[in-house]
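Reading the structure
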Amino acid sequence: MFASLPDAAGPQVAVTVDGKTVAVPPGASVAAALLLAGAVPSRTTAVSAAPRAPYCMMGVCFECLVEIDGVAERQACMVTAAEGMRVRRTPRSSSIERS
Amino acid sequence: MSECYDFAIIGAGPAGMAAAITAAELGLRTAVLDEQEAPGGQIYRAIERVTQNHPRRLAILGDDYAAGLALVRAFRACSADYLPGSTVWQVEQPLGILYSARGKSRRLRSRRTLIATGAMERPMPLAGWTLPGVMTAGAAQIALKSAGAVPQGRVVLVGCGPLLLLLAWQLLQADVRVCAIVDTSTSGARRRAARHLPSALMAPGHVGKGLRYIRMLREAGIPMLNHVENVQLNGKERVQEVVVTHGGKDERLGADVVLLHQGLVPNANLGWALRCEHGWNEAQRCFVPRTDAWGLASLDEFQFAGDCAGIGGAHAAEQTGRLAALEAAHRLARIDRAERDARARAPLGALRRHRRIRPLLEALYRPGDRYVAPEQDDVIVCRCEEASAGDIRRTVALGCPGPNQMKAFVRCGMGPCQGRMCGLTVTELMAAARNVAPGDIGYYRIRPPIKPLALGELAALELE
């Protein structure tokens, strides 16, 4: 969905998204990594299982919630990608049971 | 833990940085808390790294972005304590500022506090705006600034406002093909804006810059669809097309990425949570905290500066930050009134000059009624809880007078974003449905913590 500018070349940071390695420029957020990897939708909603993906990239919309290094429901746009980070897309926000 | 600062500043954008520089100069013990890892706010995001390592990206982003480096450098050089990566989740007296940094909650105390939390994009609830691939224009800018990432495939821009034109120009510099700009500004806006042109021309550089962007976009052959009656976004797993109604006919544009923008509004949850008084600003179509010329809030120890006190842009924000710091120093008996006023002369003059552009922009890019309060019942308003415009109108029919009664029925505004993405839409919808002024409808009662917080982290908070 997004591509790196040629000037983003140089040392990269490797993270995994659902087990697949993605190289992103230093300083990129996990949400940017999702966009660069095309890992979209990045979650589905608890209410209707609708697909969602990063929307605001600045911490206000809470659409980019994913699991990062085993911690669920993190705002991917507020976390800087770090070497070896394990990101898992959220199949369905399952933390709340709804009838 | 028990040390008390004279002045705490929340936010390291133009307002927060300028306030910190001024306050430190006047000898105030100053702390700056900011969510990001580096100073600059959204506007000058990643400016240090981009300047140092990415000359092409710097050229793409343009001169106004590059100019932010001077302020960031001055901020780095000042004696204020800078706490990056710090998310403030609660402020209250006498407890202090509670914030989360590196997975731990901490407390900071201050005699005075400046809220400089900037702006966010006004929600633009269109049919299909929750689809993956639909993002804000600001989001694309952030991806570009911090990751050198640009949208791929067929890119369509929808909305109105200077930021949309700036982004289109930046994408043009980055060799990204923008398929179309769908202009949602209201008909007659140009006529209404015209009378503000003489004043706007006195604001340094703004009008010329805007016209230059428009000319370059035209020369590049980017189609502009004007006088649009409706916009709908379609797709399944991702957005696939933009359906634009104009002249009573539907035009279908294939799209892989759709970027929305209809102006900025204050990023206001902290002020609401503090119960600072707010008022409806009709020209800006949003609530703003009640402040005086020095940014003093309705609560004594608090001040606002920058866009969170009403949208004025980066240059104006810088000046309001300076003025707020001068008033703080005066209130803390560091400078007398005469010195405050003497030092305020230059920032006040600059602020007046920069503000001259606002009436023109506010009239020209006033968001249309249908884009702030969707007419179709099935348009999602609350992205978190998936409440629709129809859901909210039904609560009005049930007799709900405002957002705080409404949400008990449909959970609108009760998801993780805490009303940030639906608050203004709800106010506008209920105002239209009840035929009263938005200011009389009011806003959500925002409660702390204003950012979600792990229970374990809260429990581990040490208050000595």
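To start, this report covers the structure provided alongside it. What you see is a predicted model, and the numbers here were worked out from it, not measured in a lab.

Take the sheet that holds strand 15 (residues 249-254) of chain B next. Residues and elements named next belong to chain B. Across the sheet, which stays open at both edges, the 3 strands sit in the order 13-14-15 with antiparallel pairing between neighbours. Edge strands, defined here as strands with exactly one partner in the open sheet, are strand 13 (230-235) and strand 15. Looking at each pair of strands side by side, their axes are set apart by 25° on average, direction ignored. For strand 13 and strand 14 (residues 239-246), the ladder comprises 6 bridges, and the chain directions are antiparallel.

Attention now moves to the side chain of Gln90(B). All names here are of chain B. Tracing the backbone shows Gln90 in strand 4 (residues 86-92). A polar atom in the side chain of Gln90 sits 2.7 Å from the side chain of Glu92. Not counting residues up to four positions away in its chain, the partners in contact with Gln90 are Gly96, Ile97, Leu98 and Pro448.

Turning our eyes to something else, we now look at the environment of Ala387(B). Residue and element names in this part refer to chain B. Along the chain, Ala387 falls in strand 22 (residues 387-388). On the accessibility criterion, Ala387 (1% relative accessible area) is buried. When the C-alpha atoms of Ala387 and Gly419 are compared, they prove to be 12 Å apart, with 32 residues separating the residues in sequence. Among residues more than four places away in sequence, those in contact with Ala387 are Val379, Ile380, Val381, Cys382, Val410 and Cys412.

All names here are of chain B. For strand 16 (residues 257-261), the tally of buried residues reaches 5 of 5 residues, placing the bulk of the element in the interior. Across the two faces of strand 16 the burial is the same, with Val257, Leu259 and His261 and Val258 and Leu260 all buried. Inspection of the sheet shows strand 8 (residues 134-136) paired to strand 16 by 3 bridges, in the parallel sense. Note on strand 16: the bridge partner recorded for Met135 is Leu259. Summarising the sheet, strand 10 (residues 155-159) and strand 16 pair through 5 bridges and their orientation is parallel. Bridge pairing links Leu157 to Leu259 in strand 16.

A few words on the nonpolar core. Residues and elements named next belong to chain B. Ranked by size, the top nonpolar core spans 192 residues in total, and within it Leu157, Val158, Leu233, Val242 and Leu260 carry the most contacts. Per-element tally for this core: the top contributor is helix 12 (residues 314-331), with 9 residues. Ignoring sequence-local partners within four residues, the contact set of Val242 consists of Val156, Val158, Val231, Gln232, Leu233, Glu251, Arg252, Leu253, Ala255 and Val258.

Counted by the stated rule, this structure contains 8 aromatic pairs over all chains. Both rings, one in Tyr55(A) and one in Trp129(B), keep their centres 5.8 Å apart while their planes meet at 85°; by these two values the pair is edge-to-face. On the criterion of chain membership, the pair formed by Tyr55(A) in the loop between strand 5 (51-52) and strand 6 (65-68) and Trp129(B) in the loop between strand 7 (119-121) and strand 8 is interchain, its members lying in two chains. Like Trp129(B), Tyr55(A) is buried. On the basis of an interplanar angle of 80° and a centroid distance of 5.2 Å, the ring pair of Phe75(B) and Tyr82(B) is categorised as edge-to-face.

Right, let's talk about the packing of helix 7 (residues 162-173) of chain B against helix 10 (residues 206-219) of chain B for a bit. All names here are of chain B. Closest axis-to-axis distance for the helix 7/helix 10 pair is 10 Å, and the angle between their directions is 50°. The orientation of helix 7 relative to helix 10 falls into the category oblique. Our pair here, helix 7 against helix 10, has a crossing hand that is left-handed. Along the contact surface, helix 7 presents Leu165, Leu166, Ala168, Trp169, Leu172 and Gln173, while helix 10 presents Tyr213, Ile214, Met216 and Leu217. Split by residue class, the contact of helix 7 with helix 10 holds 9 nonpolar, 1 polar and no charged.

Let us now look at the interface of chain A and chain B. By a widespread convention, an interface's size corresponds to the accessible area lost as its parts come together. Contact residues are listed per partner, giving 40 residues for chain A and 49 residues for chain B. Listing elements by their share of the side of chain A that touches chain B, those giving two or more residues are strand 1 (2-4), helix 1 (30-37) and strand 5 of chain A. Split into classes, the residues belonging to the side of chain A that touches chain B amount to 28 nonpolar, 8 polar and 4 charged. In this structure, strand 1 of chain A lies alongside strand 9 (residues 149-151) of chain B, joined through 3 bridges in antiparallel fashion. Considered in strand 9 of chain B, the bridge of Ala3(A) is made with Val150(B).

A separate point is empty space enclosed by the protein. Residues and elements named next belong to chain B. What the rule picks out here adds up to 4 cavities of 30 Å³ or more. The space that makes up the largest cavity amounts to roughly 150 Å³. Around the largest cavity, the lining comprises 15 residues; the ones closest to its centre are Val265, Pro266, Ala268, Leu424 and Tyr443. Within the residue set of the lining of the largest cavity, elements represented by two or more residues are strand 17 (264-266), helix 11 (269-273), strand 19 (286-289) and helix 18 (423-434).

Turning next to the side chain of Arg383(B). Structurally, Arg383(B) can be placed in the loop between strand 21 (380-382) and strand 22. Look at Arg383(B) and you get buried, because its relative accessible area is 2%. Separated by 2.7 Å, the side chains of Arg383(B) and Glu63(A) make a polar contact. Setting aside residues up to four positions removed in sequence, Arg383(B) forms contacts with Arg52(A), Tyr55(A), Glu63(A), Trp129(B), Thr130(B) and Met421(B).

All names here are of chain B. Scanning the model with the defined rule gives 29 salt bridges over all chains in all. Across the salt bridge formed by Lys451 and Glu35, the nearest N and O atoms sit 2.7 Å from each other. Residue Lys451 is located in the loop between helix 19 (438-441) and helix 20 (455-459), and its partner Glu35 is located in the loop between strand 2 (30-33) and helix 2 (47-53); the two are separated by 416 residues in the primary sequence. Judged by relative accessible area, Lys451 falls into the buried class, the value being 9%. We classify Glu35 as partly exposed; its relative accessible area is 28%. Here Glu318 and Arg322 are joined by a salt bridge, their closest N and O atoms 3.3 Å apart. Placement of both Glu318 and Arg322 in helix 12 is noted, with a separation of 4 residues, approximately one turn of the helix. Within this structure, Asp300, Glu327, Arg331, Arg340 and Asp341 form a network of salt bridges that share partners.

How each quantity is defined
- Residues numbered from 1 in each chain as written.
- Chains lettered and ligands numbered in written order.
- Predicted model: local features only at pLDDT ≥ 70, side-chain atom pairs only at ≥ 80, totals over all residues.
- Heavy atoms only, no water.
- Pairing = 2+ DSSP bridges.
- Helix = DSSP H or I, 4+ residues; strand = E, 2+ residues; numbered from the N terminus.
- Axes fitted to C-alpha atoms, helices over the stretch in contact; angles between N-to-C directions.
- Polar contact = N/O pair within 3.5 Å; in protein donor to acceptor, adjacent residues only side chain to side chain.
- Contact = heavy atoms within 4.5 Å.
- Buried < 20%, exposed > 50% of the residue type's maximum accessible area, 1.4 Å probe, protein only.
- Core = buried A, V, L, I, M, F, W, Y, C linked by side-chain atoms within 4.5 Å.
- Phe/Tyr/Trp six-rings, centres within 6.5 Å; stacked < 30°, edge-to-face > 60°.
- Parallel < 35°, antiparallel > 145°, perpendicular 65-115°, else oblique.
- Left-handed = near helix turned anticlockwise from the far one by under 90°.
- Nonpolar A, V, L, I, M, F, W, Y, C, P; charged D, E, K, R; others polar.
- 1 Å grid on protein atoms, 1.4 Å probe; cavity = no way out; pocket = protein on both sides within 12 Å on 5 of 7 lines; lining within 4 Å.
- Points joined across faces, edges and corners; volume = space filled by probe spheres on them.
- Salt bridge = Lys/Arg side-chain N within 4 Å of Asp/Glu carboxyl O.

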